[in-house]
Amino acid sequence: MYALRNKYAIAGIGWTDFSKKSGRTVRSLASQACINAIADAGLKVSDIDGFVSFNFNDSVPAISVATEIGVPAARYANDFLSGGNAANMIVLTAAAVIEAGLAETVLCYRAMNGRSGFRLGGGRDLSAYNITQFTAPFGWITYPQAMAMWCRRHMIEYGTNAEQLGEIAVTFRKNAEKNERAMQRDPISMADYMNSRMIVEPFRMLDICLETDGACAVLVTSAERARDMKRKPVYISGGAYGGGPDQGEDLFDALRWPDHSHNYAKYIADDLWRSAGMGPKDIDIAQIYDCFTYSIIMQLEGLGFCKEGEGGPFVQGGRIAPGGELPLNTAGGLLSEGYIHGLNHVIEAVQQLRGEAGVRQVPDIETCLTTAGAMTCGSAMVLRN
Amino acid sequence: MTYAKPLPVVDVETRPFWDACREGKLKIQRCANCGHKRFPPTFYCPKCNSPEHEWIESSGHGRVFSWIVVRHPVPREVYAADVPYVVALIELDEGVRIASNIVGIEPEKVTANMPVRVIFKPVTPEITLPIFEPA
Ligand SMILES: [Zn+2]
């Protein structure tokens, strides 16, 4: 279990434009986000000595970024081959790496040409080897198709419905209207949601996140050092990674997963809250991994914000909107801001906790939950100011 | 015409499964040490780690655990003629889960826990897919 409560902090954040066609290499996007994060912290490139990143064979290794921006001594570099489940785990790993004495100032990044280059959501390799020989031959290929299977199960067990999913999509779009970074800022109504094209029942187009070219970077160092830097530190109070037994043979595979109404969140909840010395009631706002609308419901239930099966009603009635009991995805989320594989949620959490989120700032907050992942494994953090 | 959809890349662990499908049999593994039944195939038993196992024939009957209706074809050129089609997770009577298609019923009429049974669909001389229809 995480034993570094508030010992490490996020001291800088950086990002690129989020677009459909960057016209740039993934390496240069990664470098830009890292350069911006270093500047944000008020540091020099030579202060950086570690990198942690993750990719799906669609990015560049950390050493190439270190080379491009001219880091003189990269003491640690780790490129996880992983999905969105790693977007918080890389930050926790950075803290662990510093605690171990392997580095002092670590950049965590995710960079991708997720729309103009390799499209995670659309195609997969059509050769059905290993575990995919038992899924792809039946036309079960894409992540929306994977997650729709989970969503149906929640509908079967608990009566979760399209209005509830729609409320998530409409709420997050409204948040994105106030975010200059967001790719989708045109307002949508519940009727727009209902009328959006059915892609794979029970998912409509507006249940599915965006595809984005761009990069985000987060600079992690000790809390002590962060206090001497340019920005107000955002402390990593706690975190967890995991997903229990039968996580499957790849990120798509959930054939042996016991119960598709509940995802990894249920399995890491105890570790997460114990690590932070907090519970759901202590959380002011949250940035929850929303590759699909439905993934919000499983994570709210799994982490104990509501009872199992009550995630649908929980998101209704304005509870997750600004001014509600638990404002979620205040930048618009992966559904409307963009999809930097979940690391953009950490950027927004830091901006909110610093009080620099501008017109979308949620007032008087001290804590923000971030999560990463939607299916059998994932990570989460409690951040505080 | 060549078959454009994904074809199983049969490997040393899964060959008995696909060979059986070609003979019209749905088979799963049973641990020779502890009796645990498992699918998809693995070398080691997840309960006792024994590599010793036998292939037993499933009744081919099960129930719909969850399902989706694919309306937007991906890739378009491969699945355009098939949509809408149903992919389901089916709990076999033996207690293991398998992914497959459900045919012989309007997609809108599929329901949770609906009883289904396996039928076999040869798609190439080597590969026969186990698919399901209402029982
Ligand atoms: Zn066994």
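Structure's up top.
Small disclaimer: the values here were computed from a predicted structure and weren't measured.

Caption draft 1: How the structure looks around the overall build of chain A. Along its length, chain A carries 12 helices and 11 strands. The globule rule puts the C-alpha radius of gyration for 385 residues at 21 Å, and the 19 Å found for chain A is close to it. Across the 385 residues in chain A, those meeting the buried criterion constitute 60%.

Caption draft 2: Fine view of the overall build of chain B. What chain B contains, in helices and strands, is two helices and eight strands. The secondary structure elements of chain B, listed N-terminal to C-terminal, are α-β-β-β-β-α-β-β-β-β. A compact globule built from 135 residues should have a C-alpha radius of gyration of about 14 Å, and chain B, at 16 Å, falls within 12% of that. Considering only C-alpha atoms, chain B reaches an extent of 45 × 35 × 25 Å along its principal axes. Sorting the 135 residues of chain B into buried and exposed places 28% on the buried side.

Caption draft 3: Seen up close, the sheet that holds strand β3 (residues 53–57) of chain B. As summarised here, the arrangement of the three strands in space is β2-β1-β3 (chain B), forming an open sheet in which the pairing is antiparallel. Only two strands of the sheet have a single partner each, and these edge strands are β2 (37–38) and β3 of chain B.

Caption draft 4: Geometry of the interface of chain A and chain B. With 30 residues of chain A at the interface, the matching set in chain B holds 27 residues. Listed by contribution, the elements that provide at least two residues to the side of chain A that touches chain B are α4 (143–158) and β5 (198–201) of chain A. Sorting elements by how many residues they give to the side of chain A that touches chain B places α4 of chain A first, with six residues. Grouping the constituent residues of the side of chain A that touches chain B by class yields 17 nonpolar, nine polar and four charged. Across two bridges, the pairing between β5 of chain A and strand β4 (residues 61–70) of chain B is antiparallel. Across the sheet, residue Glu201 of chain A finds its bridge partner in β4 of chain B, namely Val69 of chain B.

Caption draft 5: Main features of the pairing of strand β6 (residues 97–101) of chain B. All names here are of chain B. The element β6 is extensively covered by neighbouring structure, given that four of its five residues are classed as buried. Two elements, strand β5 (residues 85–92) and β6, share five bridges in a ladder whose sense is antiparallel. Bridge pairing links Glu91 to Arg97 in β6. Remark: four residues form the turn of the hairpin made by β5 and β6, two consecutive strands paired antiparallel; Gly95 in that turn has positive phi of roughly 95°.

Caption draft 6: Up close: the packing of α4 of chain A against helix α9 (residues 293–302) of chain A. All names here are of chain A. Where α4 meets α9, the axes come as close as 10 Å, and the angle between the chain directions of the two elements is 55°. Relative to α9, the element α4 lies oblique. In this structure, α4 crosses over α9, and the sense of that crossing is left-handed. Here α4 contributes Met147, Trp150, Cys151 and His154 to the contact with α9, which in turn contributes Tyr294, Ser295 and Ile297.

Caption draft 7: Local environment of the nonpolar core. Core analysis: the largest hydrophobic core is formed by 158 residues, its most contacted members being Ala33, Cys108, Ala217, Val218 and Val220 of chain A. Setting aside its immediate chain neighbours within four residues, Ala217 of chain A contacts Gly14, Ala33, Cys34, Asn36, Ala37, Leu107, Cys108 and Tyr109 of chain A.

Caption draft 8: Inspection of helix α5 (residues 162–177) of chain A at higher detail. All names here are of chain A. Taking 1.5 Å per residue as the helical rise, α5 with its 16 residues ought to reach 22 Å, and the 23 Å between its terminal C-alpha atoms agrees with that figure. Most of α5 is tucked away, with 12 of its 16 residues classed as buried. When we look at burial in α5, the residues that qualify are Gln164, Leu165, Gly166, Glu167, Ile168, Ala169, Val170, Thr171, Phe172, Arg173, Asn175 and Ala176. In this structure, the buried residues of α5 make contact with α6 (190–195), α9, α10 (311–314) and α11 (333–336).

Caption draft 9: Main features of the packing of α5 of chain A against α9 of chain A. Residue and element names in this part refer to chain A. Between α5 and α9, whose axes approach to 8 Å, the crossing angle comes to 105°. As summarised for this structure, α5 and α9 are arranged roughly perpendicular, according to the angle between their axes. Seen from α5, the contacting residues are Leu165, Ile168 and Ala169; seen from α9, they are Thr293, Tyr294 and Ile296. Among the residues making up the contact of α5 with α9, the classes are represented as five nonpolar, one polar and no charged.

Caption draft 10: Up close: unusual backbone geometry. For the peptide bond that leads from Glu201 of chain A to Pro202 of chain A, omega is 10°, which places it in the cis range. Inspection of the secondary structure puts Pro202 of chain A in the loop between β5 and β6 (203–204). Non-glycine residue Asn329 of chain A carries a positive phi angle of around 45°. In this model, Asn49 of chain B sits at a positive phi of 65°, which is unusual for a non-glycine residue. When you line up the elements, Asn49 of chain B lands in the loop between β2 and β3.

Caption draft 11: Quick peek at the environment of Val12 of chain B. Structurally, Val12 of chain B is set in the segment before α1 (15–22). Exposure remark for Val12 of chain B: the 8 C-beta atoms within 10 Å place this residue in the exposed category.

Rules behind the numbers
Residues numbered from 1 in each chain as written. Chains lettered and ligands numbered in written order. Predicted model: local features only at pLDDT ≥ 70, side-chain atom pairs only at ≥ 80, totals over all residues. Helix = DSSP H or I, 4+ residues; strand = E, 2+ residues; numbered from the N terminus. Rg over C-alpha atoms; globule rule 2.2 N^0.38 Å. Buried ≥ 20, exposed ≤ 12 C-beta atoms within 10 Å, placed from the backbone. Pairing = 2+ DSSP bridges. Contact = placed C-beta atoms within 7 Å. Nonpolar A, V, L, I, M, F, W, Y, C, P; charged D, E, K, R; others polar. Axes fitted to C-alpha atoms, helices over the stretch in contact; angles between N-to-C directions. Parallel < 35°, antiparallel > 145°, perpendicular 65-115°, else oblique. Left-handed = near helix turned anticlockwise from the far one by under 90°. Core = buried A, V, L, I, M, F, W, Y, C linked by C-beta atoms within 7 Å. Expected span 1.5 Å × (residues − 1).

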